[in-house]
Amino acid sequence: MKPSSLRWRLRWLVIGALVAVLVPLGLFSMRITLREMDELADGRLAQAAHVLQLMVRGAGIDALAGAAQAPGQPPATLPQSRHTFESEVAFQVVDHDGRVRLATANFATLPVHATTADGFADIEWLGYRWRTYRTCDVPAGACIVAGERYDSRHDILRALWLDHALLLVVGLPLIALLVGWAVRRGLRPLDRLADNLAARAPGSREPVALEAAPTELRPVVQALNTQLARLEDALERERRFSADVAHELRTPLTTSLISVEGAIGNADPADADAALGQAQQALNGLARRVEQLLVLARLEAGVVDRPRETVDLVPLAGEVIEELAPMIGERHVDVTLEVPDVPVSVSGYSAGLLALIRNLVDNALRHVSEGGHVLLALAQAGTAVRIEVTDDGPGIPPERRAEVFARFHREPGGHNEGYGVGLSIVQRVAELHGATIELLDAPWGRGLSVRVSLPRAAS
């Protein structure tokens, strides 16, 4: 089905509404006008009869007729001028003997019994239909009949029909043209919005701006901008997720490859089995890492409705050290884990907290020299829980510390080229848990200490 134009629909809906209102109103007005016209004509007819009645009462029939009328003598008739409308009205005066004494030419031969009762009546005479009024309350004993042809009234009716129909026939097309113009003018903001959207550069996600937008279009523009913002946010999350995957999966993939290559190149079955076991362990870690990344991405997108849980950070810290053991052994880095003897619990999501700790330690390992030292410490401080990772690497000057959380930022001095997303992931997880991050100088005279403070879980 071909879609209809909004302008076309509005135009014909408005015209249809006008026709639905004006035509019944015109017919109703016509009916009222005709009724009033009939009442007016009947009143005029009755008034003419009563005027003639007064004249007969005052002067007498003989005086009006000119002389006494002998039996069988035709009645006195009034002469007619050349005006044709005079033939459309008539009267007749009948005396008490039933003789027509005075009449117009068209009623001179009207039988006296054509109207037998006082008041209004309809008769057929001389090929026309007449409206008559009869009154006999005359002291002189005369009866007066006044009449008017219906075709005279029909001429008035036709004039009234023409006036009303002309209003509709001429007025409605004119109204249709004006409605079309008004609809086009009223929908100009839609045209401006369409031109604005058509002129946008491909892929642009800038907010849509429509100057002097009508009240009805403001929700549309606002909804468009909301959708564009959501699209930009979704695309940004997709870019972040791609970079996170590349960053997070690099270490377990490297570990798996090293172990598989060691197993392939080792002639000793025991050593080969051990290498394959390490490869299997790394691949299991890789699977867990993928699952954690997906959970973290859903958490960040706000599409996971799972409630927060109480998470003990101590086993998470141990899991991170175990997972990064191959990298630690390869770099010959001294990693120390300081945890209290009691659980260090926070309210949050284990996948996100595990990614936070892993990226802090991984970032420290990539910036220390071979044989360097990394400290992972967990502690409780009042109502907060602290995760602190300290290394003795080159550190970060205070003036550049605000930049390290930017995505794809890489500090010089790292031993492996990364993707610059590690601390960005840390920052996002911290924001998700309402935590704060501080970059401090390491207490060893060199290096960097990253401290994350999270709200302590309610006991």
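Conventions and cut-offs
Just so you know, the residues in each chain are numbered from 1, in the order the chain's sequence is written. Given that the model is predicted, a residue must reach a pLDDT of at least 70 before its local features are reported, and side-chain atom pairs must reach 80 or more before they are shown or counted; all residues, however, enter totals for whole chains, interfaces and linings. Water and hydrogen atoms were dropped before computing side-chain values, which therefore reflect all heavy atoms in the structure. By the convention used here, strands pair only if DSSP detects at least 2 bridges between them. Think of it this way: any DSSP run of H or I at least four residues long counts as a helix, any run of E at least two long counts as a strand, and we number them from the N terminus. Every axis corresponds to a line fitted to the C-alpha atoms, with the helix fit spanning only the stretch in contact, and the corresponding angles, defined between N-to-C directions, vary from 0 to 180 degrees. Contact criterion: two residues are considered in contact whenever any of their non-hydrogen atoms come within 4.5 Å of each other. Small angles under 35 degrees read as roughly parallel and large ones over 145 as roughly antiparallel, with 65 to 115 read as roughly perpendicular and the rest as oblique. Should the near helix be turned anticlockwise from the far one by less than a right angle, the crossing is left-handed, and should it be turned clockwise, the crossing is right-handed. All residues other than Ala, Val, Leu, Ile, Met, Phe, Trp, Tyr, Cys, Pro, Asp, Glu, Lys and Arg, Gly among them, are scored as polar; the first ten of these are nonpolar and the last four charged. Each patch is assembled from residues with relative accessible area greater than 30% and no salt bridge, linking like charges that lie within 9 Å and nonpolar side chains (Val, Leu, Ile, Met, Phe, Trp, Tyr) that lie within 5 Å. Each accessible area is a Shrake-Rupley result for a 1.4 Å probe, and residues are judged covered by the shown protein chains and nothing else. By convention in these notes, a salt bridge is any Lys or Arg side-chain nitrogen within 4 Å of a carboxyl oxygen on Asp or Glu. Buried residues of nine kinds, namely Ala, Val, Leu, Ile, Met, Phe, Trp, Tyr and Cys, make up a nonpolar core once their side-chain atoms join them within 4.5 Å. Here's how the labels work: a residue is buried when its accessible area is under 20% of the maximum for its type, exposed when over 50%, partly exposed in between, all with a 1.4 Å probe on protein chains only. A score between 0 and 100, pLDDT records how confident the predictor is in each residue. The disulfide criterion used throughout: a pair of cysteine sulfur atoms within 2.5 Å. Multiplying one less than the number of residues by 1.5 Å gives the expected span of a helix. What the arc describes is the spread of directions from the helix axis to the C-beta atoms.

Engineer: Explain the sheet that holds strand β13 (residues 448-455) here, please?
Structural biologist: The pairing of strands in a sheet comes from backbone hydrogen bonds and takes either a parallel or an antiparallel form. Spatially, the 5 strands line up as an open sheet ordered β8-β10-β11-β13-β12, and their pairing is mixed. Among the strands making up the open sheet, the edge pair consists of β8 (334-338) and β12 (436-441). Going from strand to strand, the sheet's axes swing by 15° on average, the running direction of each strand aside. In terms of strand pairing, strand β10 (residues 373-381) meets strand β11 (residues 384-391) through 8 bridges, oriented antiparallel. By the bridge assignment, Ala379 is partnered in β11 with Arg386. Sheet strands touched by helix α7 (residues 313-323): β8, β10 and β11. Its angle to β10, the strand with the most contacts, is close to 170°. The strands that helix α9 (residues 350-365) touches are β8, β10, β11 and β13; relative to β11, the one it contacts most, it runs at about 25°.

Engineer: Looking at this structure, how should I read the packing of α7 against α9?
Structural biologist: Helix-helix packing is characterised by the crossing angle of the two axes and by the distance between the axes. Two numbers describe how α7 lies on α9: the axes approach to 9 Å, and their chain directions differ by 50°. Here α7 lies oblique to α9, going by the angle between them. With respect to the hand of their crossing, α7 and α9 are arranged in right-handed fashion. Where α7 abuts α9, its residues Leu313, Leu316, Ala317, Glu319, Val320 and Glu323 lie against Ser350, Leu353, Leu354, Ile357, Arg358 and Val361. Taken together, the residues of the contact of α7 with α9 break down into 8 nonpolar, 1 polar and 3 charged.

Engineer: Hey, could you run me through a nonpolar patch on the surface in this one?
Structural biologist: On the surface, a nonpolar cluster with roughly 390 Å² of combined accessible area is contributed by Leu162, Leu166, Val169 and Val170. Position of Val169 among the secondary structure elements: in helix α3 (residues 150-186).

Engineer: Please explain the nonpolar core as it appears in this structure.
Structural biologist: What tends to happen in soluble globular proteins is that the nonpolar side chains get buried as a cluster. Core analysis: the largest hydrophobic core is formed by 40 residues, its most contacted members being Leu313, Leu356, Ile357, Leu360, Val361, Leu365 and Ile387. The set of elements that each furnish at least two residues to this core consists of α7, α8 (325-331), α9, β10, β11, α10 (422-432) and β13. Per element, the largest residue contribution to this core is 9 residues, and it comes from α9. Ignoring anything within four residues of it in the chain, the contact list for Leu356 reads Ile387, Val426, Val429, Ala430 and Val452. Grouped together as the second largest cluster of nonpolar side chains are 13 residues, Leu52, Val56, Phe91 and Val93 included.

Engineer: Got a minute to help me understand the confidence of the model for the chain in this structure?
Structural biologist: A low pLDDT score tells you not to read the predicted coordinates there in detail. Taken as a whole, the chain shows an average pLDDT of 78; of its residues, 81% reach a score of 70 or greater. Confidence, read as mean pLDDT per element, is least for strand β1 (residues 76-78) in the chain (65) and greatest for β11 (94). In this model, residues 412-420 is a region of pLDDT below 50 whose contacts with residues beyond four sequence positions or in other chains number 24 contacts.

Engineer: Would you mind going over the environment of Arg11 with me for this structure?
Structural biologist: Counting through the fold element by element, Arg11 comes out in helix α1 (residues 6-59). Taking C-alpha positions, Arg11 is 6.6 Å from Val183, a pair spaced 172 residues apart along the chain. Once residues within four sequence positions are removed from consideration, Arg11 is found in contact with Ala176, Val179, Gly180, Val183 and Arg184.

Engineer: Please explain the state of the cysteines as it appears in this structure.
Structural biologist: Cysteine pairs can be covalently joined through their sulfur atoms, and such a bond is termed a disulfide. Scanning all chains against the criterion turns up 1 disulfide. Sulfur-sulfur distance for the disulfide between Cys136 and Cys143 comes to 1.9 Å. The sign of the 120° torsion about the S-S bond sets the Cys136-Cys143 disulfide as right-handed. Overall, Cys143 belongs to the buried group, its relative accessible area being 15%.

Engineer: Help me out: how do you make sense of α9 in this one?
Structural biologist: Note on helix geometry: an α-helix contains 3.6 residues per turn, so any two residues three or four positions apart are oriented the same way. With 16 residues, α9 extends 22 Å from end C-alpha to end C-alpha; this agrees with the ideal 22 Å at 1.5 Å per step. α9 sits mainly inside the fold: 14 of its 16 residues count as buried.

Engineer: I tried to follow the environment of Ile15 on my own but got confused; where do I start?
Structural biologist: Topologically, Ile15 is positioned in helix α1. Separated by 160 residues in sequence, Ile15 and Ile175 have C-alpha atoms that sit 7.7 Å apart.

Engineer: Sorry if this is basic, but what is going on with unusual backbone geometry here?
Structural biologist: Peptide bonds are, in most cases, trans, and in most cases residues other than glycine have a negative phi. Unlike most non-glycine residues, Leu126 shows phi in positive territory, near 60°. Among the secondary structure elements, Leu126 is positioned in the loop between β4 (119-125) and β5 (128-135). A positive phi is found at His332, a non-glycine position, where the angle reads about 55°. Relative to the elements of secondary structure, His332 occurs in the loop between α8 and β8.

Engineer: Where do I start with α7 in this structure?
Structural biologist: Residues of α7 that are buried: Leu313, Leu316, Ala317, Val320 and Glu323. All buried residues of α7 project into a common sector of 130° when viewed along the axis, lining one side. When the buried face of α7 is taken as reference, the exposed residues oriented beyond 90 degrees from it are Pro315 and Glu322.

Engineer: Looking at this structure, how should I read the pattern of salt bridges?
Structural biologist: If charged atoms from side chains of opposite charge come close, those side chains can pair. Counted under the stated rule, the structure contains 12 salt bridges. The shortest N-O distance in the salt bridge between Asp42 and Arg131 comes to 3.1 Å. Of the two residues, Asp42 is situated in helix α1 and Arg131 in strand β5; the sequence distance between them amounts to 89 residues. The exposure class of Asp42 is buried, given its relative accessible area of 12%. According to the relative accessible area criterion, Arg131 is buried, its value standing at 17%.

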